[in-house]
Amino acid sequence: MSETPRQNTSEEPGKLAITDLKTGLSNQEASSRIQQFGLNALEQVKPESIWSILLRQVNSVIVWILAAAAVVSFFLGDSLEGFAVIAVIIINAATGFVLEYNARQSMEALRKLDTTPARVLRDKLIIEIPSEQVTIGDILILEAGDLIPADALILEVNQLTIDESALTGESVPSQKNTDASAEDAPLGDRHDRLFKGTAITNGNAKAMVTGIGQGTELGKIATMVSEAKRTATPLEAKLDALGKVLIWVTLGMATLFLIVGFLRGQEIKQLIETAVALAIAAIPEGMSVVATVALAYGMLRLAEKKVIVKRLSAVETLGGTNVIFTDKTGTLTQNKIEVHALRVAGNDFTVRLNSDNSGAATLEVTQGDQQLIHSPELEMLARIGALVNNAQLDSKKSDRKELGDPVEVALLSYGRAAGIDLHQLHHDYKRQAEHAFSSETRMMATLDQVGADYFIGVKGAVEEVSALCSWNNQQDRDKELEVSELMAADGLRTLAFAYRQTNVKPGENFTHEGNLTYAGLIGFLDPPRKEVIKSLNACHDAGIKVIMVTGDHPATSLKIAKQVNLVGPDEQLVLTGKDLESFDFSSADDQKKMMECRVFARVNPAQKLDMIDFYQKQGDIAGMTGDGVNDAPALKKSDIGIAMGLRGTAVAAEAADMVLKNDSFASIVHAIEQGRVIFENIRKFIVFLLSCNMSEIFVVTFAGFLNVGSPLLPLQILFINIITDVFPALALGVGKDNKKLMKSPPRDPKQPILQKADWKRIVFYALVMTASVLGVYWYAINRLGMSAEEGNTITFFALSLAQLLHVFNMYSGKLRFFNNEITRNKFIWMALALCILIMIATFFIPFLRQILSLQMLDIETLELILAAGIAPVLVIQTVRLLFPIK
C-alpha cells in the first residue's frame, strides 16, 4: 500500500480489545463479538400483511354505515335487502384488495435478496465470509469492485475511490485517504471512512470495522425510514370528511322522519323501514366502488407508462401535489460523468456528446456561437486522456460495458467521439511504465512506446501538472490556475493534461526528466437528463414548485439547476445543510428563505425530513423523488414518494408510493396529469351520485311529510343506487378528455373535495329531479286513479330514467351540450345502454319484477315516465344557459 498505515490505538471507535493489524481478530473473539453486537444485518421491514390490506378496504365511514343498514335489514326480516348491501361491500373490498395485493407482489420482485460476501483477516488468514458475519474490529481486505459490507476506518489505502452516490448523492467518486476527518463532517467529506452499501470503483484498502447493522450510516437511514410516519393521503382524508358529512345528514333525516312519524302515530316497523330507506338513499353505495375503479383505471394507465403504483390513492395524491422535492443525481442527471468543458491553447470550449440508439456518440465542440470542426490541439488532448487511462470501454451495440473510474470512462467516451480508434491507439502505443495516482503527487503518468519513439502522458491537478510544464511566462500559468478555479466554482471537476515526445527512452522518473508541454484543461460534469427540461417546464405550467435537494456540492447543484431551467440563469441562492442547522423554522426571515430557495445542497437525510415537514405544515402536498438510500426516509415521509426502479436502491423502492420502472422524470408529469384527471373525475361523479341520492332522499322525505305514501321501497332505492347510478358514475370515473387541467395551478389542498358551489348544484339538481318525479307520482295517484303499487312502479322507473339522463348535465364549464367530454366518452354510452337493458329486464322478467315489487304498466304510463325522465335535463340545461358554470 502506498500510503503510511494508520496506527491503531485504544481511542478508535468501540474501545474494545485492540485488533492486531497483522493477525486480525481470532475466530473465537469474532464469535464473541457477534454474540455481543449481533449480526451485521439491517432490520427487515415486514411487508404489509394480507389482512392489513383487506382491513383497509373496509375501514371507512361509508362502509360502516352500509354495514349498519344491512344489520337493521336482517333484524327487520328483509334478508334480500341485507344480502344486497353486503354484496356491495364485498365487491368494493375485493376490487381494492386485488389491485393493492398485485402492487405489493410487484414490489416483492424489486427486492434485492443477494448476500454480499466479505474478505476479512482472521487468525493471520484472509478468508471470505458472508457479510452478516462481519463484526466490530474485523479487518476488511477491499479491492476494486467490492461492495463495502460495514462502516469502517481506513488503515491503509492505495488509490482508493468510492462510489457513494446512493448514500450522499454525489456523482463523482470520493477519493479516500488516512488523514483524520472531523466526526461532524458531512458524509461526503469523511475521507478516512468507509460506509456500508457503497462500492469501490478503484484501488484497494485495508480497514477496521467500526459499525455494523443498524449502527452504520445506512442503518441510521433505515431507522429513519421505519420511524417516518405516513399520513393519510389527501383523497382518503377528503372522502372520509365527506363520509362524516353524510353520516350527520343520514342521522338527521332519519331521526327527523322517525319523530314526525311517531307523532303521527304511524306503525313503528314501517317507520324503521323507511328510516333504513333514507339511510340507504343518503349513502352513495357506489362511491367507494367507483372511486376504487377510477383509481385502478388510472393505475393501469400509469402501468403502461412504466409506473408501479403501490397504493391506489397515491395516483390521485400526485395530481394534487404542489411541491416536488427532487434528488439531483440520477433523477435530474444521468448519474454518469461526461466531459463538459475544455480549455486548449488559451481558448475555452463547451463540449456536448450526442448519443444515438446504438450507443455511438458524436462530438460537438463550440466556442460561443461557433462550432469547432477540427483542431490538432483538441485531438492531442483526447489522445492523452485515452492513454493515461486504466478504464475499459466496450463500444459494441448490444453489449456495451464500462469498467473503471467514471472519470476515466468519460475520457474514453470523449476520445472515441473525437474520432480516436481506441483499439488501434492501444495497439500502436505500448505501455512501458506507469506512475499511479496518489494523494501525494495528485497526478497520474504513463510512458508508452510508439514505433521508435516514446510518449509521456500526464493528467492530474492543474497545480501539480502545470508545475512540470514549460511556460512562456508566469502569467500564462496563473491564467490556467484561475480558469481551473472558475470551473470548480461553476460545479465542474477539473483535470489538467500534459505530454512529452522523445526518441530517447526515459528513465524511471520519466515525468521529471524534461519539461512537459501543457495540453489543456478538461472540466467534467454529471450531465442532465434530456427529457428533464420539458418535464420541468410542464410542472411550471401546472403551477407545481420543484425543489432540488441533494448531498452534492453547492456549485455543482446550482449548475445543474440552471441547465435544466429549474432556476433562472442569474440565480445564486443555494442553501446548504450547514445553513439549515442554524435555521429557526419559526422565524419569518428563515421561513421566507426556505420558501424562496429552489436548490438545497449538502443536505443529510434528517434535514430532508425537516424540509418536507416544513412544507406540509404550510398546507402543501409534498412529493419526493429519489433513488438513493439517502432518499428513503424523505420518500416515506412525503405525501407521495416516487422512487427510480432501474438504478434505484431497494431501500428507496420500499419506502416509496410509486416506482418509475423507466427512471424517467417525464413519467412524473404523466402521473401528475393522470392524478388531476382522476380527481376531477372523482369530483364529477360524486356530484352526480350525491345529486341522484339526494333526489331519492327528497322523494322519500317529502312524500312522508306530505303523507302521500311511500313512493320508493328500500330495495328499490338500493337497486337504483347500485345499477342506474353506479354504471354512469363508473363511466364518469374513467374519463380522460380534459386538456386544460395541466395548464391550471394545483387545487388548494385545504379545500374539501366538494366546494360550496358544488353543494349548491347538487341540491338544485336533486330538487329538479324530485319535483319531476313526485309530480308524476301525484298525477298518477290523484288524476289517473292508480293504486299505490302502480304509483310506486312509476316513481321507480321515472327516477331511474331521470338519473340516467342526468349524466349529460356533468360536462365542464361552457362547453356545448352535444359536444363535450361526456358525449365523447364511449363508456357513458355503453353504461346507458347497459342500464336501459337492465331496466327493461326488471319490467319484463317476472322474477325481477317480483323481487322489486313492480307492477305492469300501460303505454300511457310509459309516456309519463319518459316525460319525468327528460324534463329535469331540459330544465337544468335552460338554467345553465342563463347562468353558465365557470
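Structure first, text after, so check above.
Residues numbered from 1 in each chain as written. Predicted model: local features only at pLDDT ≥ 70, side-chain atom pairs only at ≥ 80, totals over all residues. Heavy atoms only, no water.

Observations concerning the overall build of the protein
1) Next: Scanning the protein from terminus to terminus reveals 29 helices and 26 strands.
2) Next: Relative to its full complement of 886 residues, the protein shows a buried share of 53%.
3) Next: Once local pairs closer than 6 in sequence are excluded, the contacts in the protein between residues at least 24 apart make up 71%.
4) Next: About 39500 Å² of surface is accessible on the protein, with carbon and sulfur atoms providing 56% of the total. (Helix = DSSP H or I, 4+ residues; strand = E, 2+ residues; numbered from the N terminus. Buried < 20%, exposed > 50% of the residue type's maximum accessible area, 1.4 Å probe, protein only. Contact = heavy atoms within 4.5 Å. Areas by Shrake-Rupley, 256 points an atom, 1.4 Å probe, with all protein chains shown as cover.)

Observations regarding the pattern of salt bridges
1) Next: Scanning the entire structure with this criterion turns up 22 salt bridges.
2) Next: A salt bridge links Arg122 to Asp138; its shortest N-O distance comes to 2.6 Å. Note that Arg122 is positioned in strand E1 (residues 117–122) and Asp138 in the loop between strand E2 (125–130) and strand E3 (139–143), a separation of 16 residues in sequence.
3) Next: One salt bridge in this structure joins Asp613 and Lys617, with 3.2 Å as the shortest N-O distance. One end of the pair is Asp613 and the other is Lys617, both in helix H20 (residues 605–617) and four residues apart, which spans about a single turn.
4) Next: Looking at Asp613, the relative accessible area reads 24%, which means it is partly exposed.
5) Next: Among the charged side chains, a salt-bridge network with shared partners connects Glu680, Arg683, Asp758 and Arg761. (Salt bridge = Lys/Arg side-chain N within 4 Å of Asp/Glu carboxyl O.)

Digging into the packing of aromatic side chains
1) Next: The full count for this structure, using the stated rule, is 13 aromatic pairs.
2) Next: Here the aromatic rings of Phe808 and Trp829 are separated by 5.3 Å at their centres, their planes lie at 50°, and the arrangement is tilted. Highlighted residues: Phe808 in the loop between helix H26 (788–805) and helix H27 (826–844) and Trp829 in helix H27, separated in sequence by 21 residues.
3) Next: For Phe808, a relative accessible area of 12% gives the class buried.
4) Next: For Trp829, a relative accessible area of 45% translates into the label partly exposed.
5) Next: Here Phe843 and Phe844 contribute two aromatic rings whose centre-to-centre distance is 4.9 Å and whose plane-to-plane angle is 85°, an arrangement assigned as edge-to-face.
6) Next: In this structure Phe844 comes out as exposed when scored by relative accessible area, which is 56%. (Phe/Tyr/Trp six-rings, centres within 6.5 Å; stacked < 30°, edge-to-face > 60°.)

Quick word on a negative patch on the surface
1) Next: On the surface, a cluster of negative charge is made up of Asp476, Asp478, Glu482 and Glu485.
2) Next: With respect to the helices and strands, the residue Glu485 is situated in helix H15 (residues 474–489).
3) Next: You can call Glu485 exposed: its relative accessible area is 56%. (Patch = residues over 30% accessible without salt bridge, like charges linked within 9 Å, V, L, I, M, F, W, Y side chains within 5 Å. Lys, Arg positive; Asp, Glu negative; His and termini not counted. Charge placed at Lys NZ, Arg CZ, Asp CG, Glu CD.)

Points about the environment of Thr701
1) Next: Assignment of secondary structure puts Thr701 in helix H23 (residues 665–706).
2) Next: For Thr701, a relative accessible area of 3% translates into the label buried.

Points about the sheet that holds strand E26 (residues 658–660)
Strand pairing in a sheet takes place through backbone hydrogen bonds and is either antiparallel or parallel in direction.
1) Next: Pairing is mixed in the open sheet, where eight strands are placed in the order E8-E26-E25-E24-E9-E21-E23-E22. Each edge of the open sheet is held by one strand with a lone partner, namely strand E8 (307–309) and strand E22 (575–576).
2) Next: Strand direction decides the pairing type here: strand E9 (residues 323–326) and strand E21 (residues 545–549), joined by four bridges, are parallel. In the strand pairing of E21, Ile324 is matched with Val546.
3) Next: Lying on the sheet, helix H17 (residues 554–563) is in contact with E21, E22 and strand E23 (599–601); it crosses E23 at an angle near 155°. (Pairing = 2+ DSSP bridges. Axes fitted to C-alpha atoms, helices over the stretch in contact; angles between N-to-C directions.)

Observations concerning the packing of helix H24 (residues 714–733) against H26
1) Next: In the contact formed by H24 and H26, the axes pass within 10 Å of each other and the chain directions differ by 20°. In this view, H24 runs roughly parallel relative to H26, as classed from their interaxial angle. Crossing of H24 over H26 shows right-handed handedness. Packed against H24, whose contacting residues are Gln716, Phe719, Ile720, Thr724, Asp725 and Pro728, the element H26 presents Asn792, Phe796, Leu799, Ser800, Gln803 and Leu804 at the interface. (Parallel < 35°, antiparallel > 145°, perpendicular 65-115°, else oblique. Left-handed = near helix turned anticlockwise from the far one by under 90°.)

Overview of a nonpolar patch on the surface
1) Next: Taken together, Ile259, Phe262, Leu263 and Ile268 make up a surface patch of nonpolar side chains, about 460 Å² in accessible area.
2) Next: Inspection of the secondary structure puts Ile268 in helix H8 (residues 268–282).
3) Next: Relative accessible area serves as the criterion here: at 47%, Ile268 is assigned to the partly exposed category.

Things to note about the packing of helix H25 (residues 756–782) against helix H29 (residues 859–882)
1) Next: Where H25 meets H29, the closest approach of the two axes is 9 Å, and the angle between their N-to-C directions is 150°. The pairing of H25 with H29 is recorded here as roughly antiparallel in orientation. Relative to H29, H25 is oriented so that their crossing is right-handed. Contacts between H25 and H29 involve Phe764, Tyr765, Val768, Met769, Ser772, Val776 and Tyr779 on the former and, on the latter, Leu864, Ala867, Ala868, Ala871, Pro872, Val875, Ile876, Val879 and Arg880.

Brief notes about the pairing of strand E18 (residues 453–460)
1) Next: Counting buried positions along E18 gives seven out of eight residues, so the element sits mostly inside the fold.
2) Next: Two successive antiparallel strands, strand E17 (residues 443–450) and E18, enclose a turn made up of two residues, where Gly451 displays a positive phi of approximately 65°.
3) Next: Here seven bridges tie E18 to strand E19 (residues 493–502), and the two strands are oriented antiparallel to one another. Paired with Val458 across the two strands is Ala498, which belongs to E19.

Let's talk about helix H11 (residues 376–387)
1) Next: Under the 1.5 Å per step criterion, the end-to-end length of H11 is 16 Å for twelve residues, consistent within 8% with the ideal 16 Å.
2) Next: Among all positions in H11, only Leu378, Met380, Leu381, Ala382, Ile384, Gly385, Ala386 and Leu387 are buried. (Expected span 1.5 Å × (residues − 1).)

With respect to the nonpolar core
Most often, soluble globular proteins have nonpolar side chains that are buried together.
1) Next: Of all hydrophobic cores here, the largest spans 98 residues; its most connected members are Leu566, Met658 and Phe685.
2) Next: Per element, the largest residue contribution to this core is 18 residues, and it comes from H23.
3) Next: Excluding its chain neighbours within four sequence positions, the residues that come into contact with Met658 are Leu302, Val307, Ile308, Val309, Ala314, Val315, Leu318, Ile640, Gly641, Ile642, Ala643 and Ala671.
4) Next: Counting 35 residues, the second-largest nonpolar core is a separate cluster that includes Val407, Ile420, Leu425 and Met444. (Core = buried A, V, L, I, M, F, W, Y, C linked by side-chain atoms within 4.5 Å.)

Comments concerning the environment of Ala488
1) Next: In this structure, Ala488 sits in helix H15.
2) Next: With near-sequence residues (within four places) excluded, Ala488 lies in contact with Thr494 and Ala555.

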